[in-house]
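Okay, here's what each chain looks like letter by letter:
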Amino acid sequence: MPLDYPIHDRRLPNGLRVIVSPDHSVPNVTVNLWVGVGSRHEEPGRTGFAHLFEHLMFQGSRNVASGEHFAALMAQGGRLNATTWFDRTNYFETVPKGAMDLALWLEADRHGHLLDAVNQENLDNQRDVVKEEKRQRYDNAPYGTALIEVYAAVFPDGHPYHHPTIGSMADLDAASVDDVHAFFQRYYGPNNSVLTLCGDVSPEDGFAAVERYFGDLAASAETPRGPGPQLPPLASPVRVDVTGEVPNDRLHLAFRLPVDPTPDFVAAGFALDILGGLSTSRLTRRLVREEQVAHHVDAHAMGFIDGSSLGLITLDVADGQDADVIEARAMEELERFAESGPTAVEMEAVMAQAERAWLSALAGQEERADLISHATLLHDDPGFINTYLDRLAAVTPEQVTEVARAWLRPANRATVAFLRAQEVAA
Amino acid sequence: MTTARPDIAPAEPWAFPIPRETLLDNGIRLLTYDIPGQYVVSVRVAVPTPLTAEPRQLEGIATIMARLLDEGTARHTPEEFAELLERKGIGLGAGMTESAVIAELDVAARHLGDALDLLRQMLAEPAFPEAEVRRAVATRKAEIEQERASAPHRAGREFVATFYDSAERASRPTGGRVDTVAAITRDDVVAFHAAHIGPRGSTVVVAGDFTGLDVPALVEETLGAWSVPDQAPAAAPVRARRAVDAARVVAVDRPGSVQSEFAIGWSGPDRHTDLGWAAYQVLSFVIGGSPTARVDAVLREDKGYTYGIRSAFRPRRVGGTFVTSGSVRTEVTVDALRLLLDILDRTREGFTVEEVRDGVDFISKTAPGRYATADAVAGEAATLALDGLPLDFTTTNLQRMAELTPEDLHAAVNAVVTGEWTVVVVGDATAWLDGIRDLDRGEVTVVPN
């Protein structure tokens, strides 16, 4: 179906890219800021810093006390947070429209004048909080470190995606107040950010409000380095075994993929859905339904900009089954798919499920604003939300086959196997 | 920055939408919400089925039955059915709560008719193939092991086992245990479905952009044809009794764990409470609903012990719980528990005008955004229907919330918080067991993971 969410695009003299997408169905406005810095920019010895820095953005700025950003917005009915990922950091709040100016004022204060408030006490406190986040989500959860192993296996040492966004405990310990100052001065500034307003606001009022609060910030960010060259697929399989107290064996089969946005990346998404992402996918059909040797299969493509994206297939091995045998059968399916390509029904199913998922993602202002900021900051394409389904519809079975042959052969995989300890001892 | 802090313009009045309501001939109560711009239509079917209807030796059968509904019907094999769903981009599934089987359907509006027909087939004529029953049982057994390995799940399981009287179904996992799940056969599933799943008493909610659609007619043609002549009415819900020795500490020992996971709780109300559910929503927010709430102001922002701990009143159909949950690093377990129990005990002393205002403002002013999508509206409507609440409850509850005073919150918290707590700690017990005994908060028992 044709989508026509309104997109109004302007750049302030200081470089801030502003998108306003009016939607008067709910009396709210989402303010969504993407900053062009993520863990891919981190220096050796300072992994995890972009994310730790994001936490400090809530600990006060020139005119805002520590914790006040959260408290002031929540008291007005704001729902807010921030996240850090390989390619970017985002900050967002959805507020009643009468509080839009307050949200912009608070954002401008921290995005322009954070360093007035940064101190050792705040840094130490948030370092502790981030270390608890790492323990909770990675170190104290079954399979919690799987993706960390996957990144290290798929991307070469020194590559921007070789290390995880959460970083290491040692590097978090090493972070200093001086690092915070240097990082802010280098990466934070209107000329390295995109601000989207989505909701009950006109383009005129939206642009004027952003100008009012962000207009006098200096274009202070350095020009960020461009992305590196496309990595080729792995030439031969990589294998990492992790043994421990996990409930069942789990295989992660990971692949380098073309960067996002390229037609080949979109086609790779089709291939992974057909292999393992649909409930009628080939691996699910064979391993879960017919042979009942796996409990669950998942597959998806993660789009990145710096030299490679990532494809990931996850297989939960059923009790009493041999992980090696199941991996070999999965490889048979990959080979078969690369040889014969998708069926017409498979292409139809991917397209239909992708359409529903995309319309669901756009159903709320919050996620719609985030998708607009994403496409604008990373791909210079503010209207992407309206054209994405057309891009999907343009993918041909031949493209999917070619991408599978080039990127999703057994030789191209890195296998990270989480294995139950007692099986290894036996 | 030269610009002064801006003033706030007052929020516009808001009300949760009122649906068009129809009673179908087969007993289905149909609620439809036409929401322009919501291109994915969300459907919920809520079939009242109390968990207490499960045979004791087959607990988990309602969950297994619900999960099998879309695994083949009288007309289609499991694979055919899955393909029919995916070719139309239909998201469809079903699960079990404490009081109902709930089927959820999401689909682009133009495929709604086809989707509703598949939904009818799934509810009315599921095939429960033998191989699929075996697979669902094996999957649930593996899931139980996954839950045992997850600290929050493990803490939750031990909490209900300690808090509720062991005769209560609520004291055991909704999805059953390994021994009860392993005993489930195809015949059992067929019998359970026949005895409990039917249109009478069920509620169907449809929400989305209905442009070009006659939704009541589409539902009448599909789910309206669902007939179970001898359907027995669902048993009325009853309160689950608390254990007489619920006020104690259970340590679930996981040697080597780098964090300790807490589940701390006591009784709470359901949404029908005379004191008003709104008061308990505000209490949840003020005590443990945000990084600036009482719990995280100390545990996270002052001490740096945790990534975040949350407190919430959790209503059941009758009665409920008030549970605080989250994790801290192993070394600070004793101090963190001492601080948490102190914060929770001191809720009985009352709340400030500012706390009440912050909580009321957050909950009431976020409502338009929280209920902006078809999915959220359908979910709320299904919850109201199952709870036997009027369809304007969401709105009247917010109106009542606006009137709340510190005295109201003081009364509400003292109606349930007594200073007694069921405390579960999952972690490396050798690191903190003696310290927790010294806190003197009831008998301390150690159980294996």
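(A) Expanded view of the side chain of R368 of chain A. Residues and elements named next belong to chain A. The residue R368 is located in helix α13 (residues 365-379) in this model. R368 gets classed as buried once you look at its relative accessible area, which sits at 3%. A polar contact is formed between the side chain of R368 and the side chain of D23, at a distance of 2.8 Å. There is a polar contact of 2.9 Å between the side chain of R368 and the backbone oxygen of L362.

(B) Representation of helix α4 (residues 130-149) of chain B. Between its terminal C-alpha atoms α4 of chain B stretches 29 Å, which fits the 28 Å expected from 20 residues at 1.5 Å a residue. Along α4 of chain B, the residues classified as buried are E132, V133, R135, A136, V137, R140, A142, I144, Q146 and A149 of chain B.

(C) Region of the structure containing the domain arrangement of chain A. Residues and elements named next belong to chain A. As far as domains go, chain A holds domain 1 (8-214) and domain 2 (238-425). Summarising the inter-unit geometry, the C-alpha centres of domain 1 and domain 2 are found 28 Å apart. Of the residues lining the interface, 42 residues belong to domain 1; the matching set on domain 2 comes to 36 residues. Both sides of the domain 1 and domain 2 interface together cover about 3200 Å² of buried area, and 66% of this is carbon and sulfur. Counting the surface domain 1 buries against domain 2, the share from its top three residues, W34, Y143 and V154, is 23%. Counting across the domain 1 and domain 2 interface gives four salt bridges. The shortest N-O distance in the salt bridge between E366 and R79 comes to 2.5 Å. Summed over the shared surface of domain 1 and domain 2, the result is 15 residue pairs in polar contact (both at pLDDT 80 or more). Within the residue set of the side of domain 1 that touches domain 2, elements represented by two or more residues are β2 (17-22), β3 (28-35), β5 (89-96), α5 (146-154) and β6 (193-199). Broken down by element, the residue count for the side of domain 1 that touches domain 2 peaks at seven residues, all from α5. Class assignment of the residues belonging to the side of domain 1 that touches domain 2 gives a composition of 21 nonpolar, 13 polar and eight charged.

(D) How the structure looks around the pattern of salt bridges. Throughout the structure, instances matching the rule amount to 73 salt bridges over all chains. One salt bridge in this structure joins D375 of chain B and R44 of chain B, with 2.9 Å as the shortest N-O distance. Placement of D375 of chain B in helix α13 (residues 374-387) and of R44 of chain B in strand β3 (residues 40-48) is noted, with a sequence separation of 331 residues between them. Residue classification places D375 of chain B among the partly exposed residues on the basis of a relative accessible area of 37%. Residues joined in a network through salt bridges with shared partners are R286, E291, R329, E332, E333 and R336 of chain A.

(E) Highlighting the packing of aromatic side chains. Tallied over the full model, the rule gives 31 aromatic pairs over all chains. Seen from their ring centres, F86 of chain A and Y161 of chain A are 4.8 Å apart, and the 55° between their planes marks the pair as tilted. Linking F86 of chain A in the loop between β4 (79-84) and β5 with Y161 of chain A in the loop between α5 and α6 (169-174), this pair joins segments that are 75 residues apart in sequence. The two residues F86 of chain A and Y161 of chain A agree in class, both being buried. Ring centres of F313 of chain B and F322 of chain B lie 4.1 Å apart, and the angle between their planes is 15°; this geometry places the pair in the stacked category. By relative accessible area, which is 5% here, F313 of chain B ends up buried. With a relative accessible area of 1%, F322 of chain B lands in the buried category.

(F) Structural context of the interface of chain B and chain A. Counting from both sides, the interface comprises 70 residues of chain B and, opposite them, 70 residues of chain A. Surface buried jointly by chain B and chain A totals about 5900 Å² across both partners, of which 54% is contributed by carbon and sulfur atoms. Our count for the contact surface shared by chain B and chain A stands at eight salt bridges. The partner of E355 of chain A in a salt bridge is R110 of chain B, and the shortest N-O contact between them spans 3.0 Å. Connecting chain B to chain A are 27 residue pairs in polar contact (both at pLDDT 80 or more). If you tally residues by element for the side of chain B that touches chain A, the top one is α4 of chain B, at 10 residues.

Parameters at a glance
- Residues numbered from 1 in each chain as written.
- Chains lettered and ligands numbered in written order.
- Predicted model: local features only at pLDDT ≥ 70, side-chain atom pairs only at ≥ 80, totals over all residues.
- Heavy atoms only, no water.
- Helix = DSSP H or I, 4+ residues; strand = E, 2+ residues; numbered from the N terminus.
- Buried < 20%, exposed > 50% of the residue type's maximum accessible area, 1.4 Å probe, protein only.
- Polar contact = N/O pair within 3.5 Å; in protein donor to acceptor, adjacent residues only side chain to side chain.
- Expected span 1.5 Å × (residues − 1).
- Domains from an automatic or database assignment.
- Contact = heavy atoms within 4.5 Å.
- Buried area = accessible area lost by both parts, 1.4 Å probe.
- Salt bridge = Lys/Arg side-chain N within 4 Å of Asp/Glu carboxyl O.
- Nonpolar A, V, L, I, M, F, W, Y, C, P; charged D, E, K, R; others polar.
- Phe/Tyr/Trp six-rings, centres within 6.5 Å; stacked < 30°, edge-to-face > 60°.

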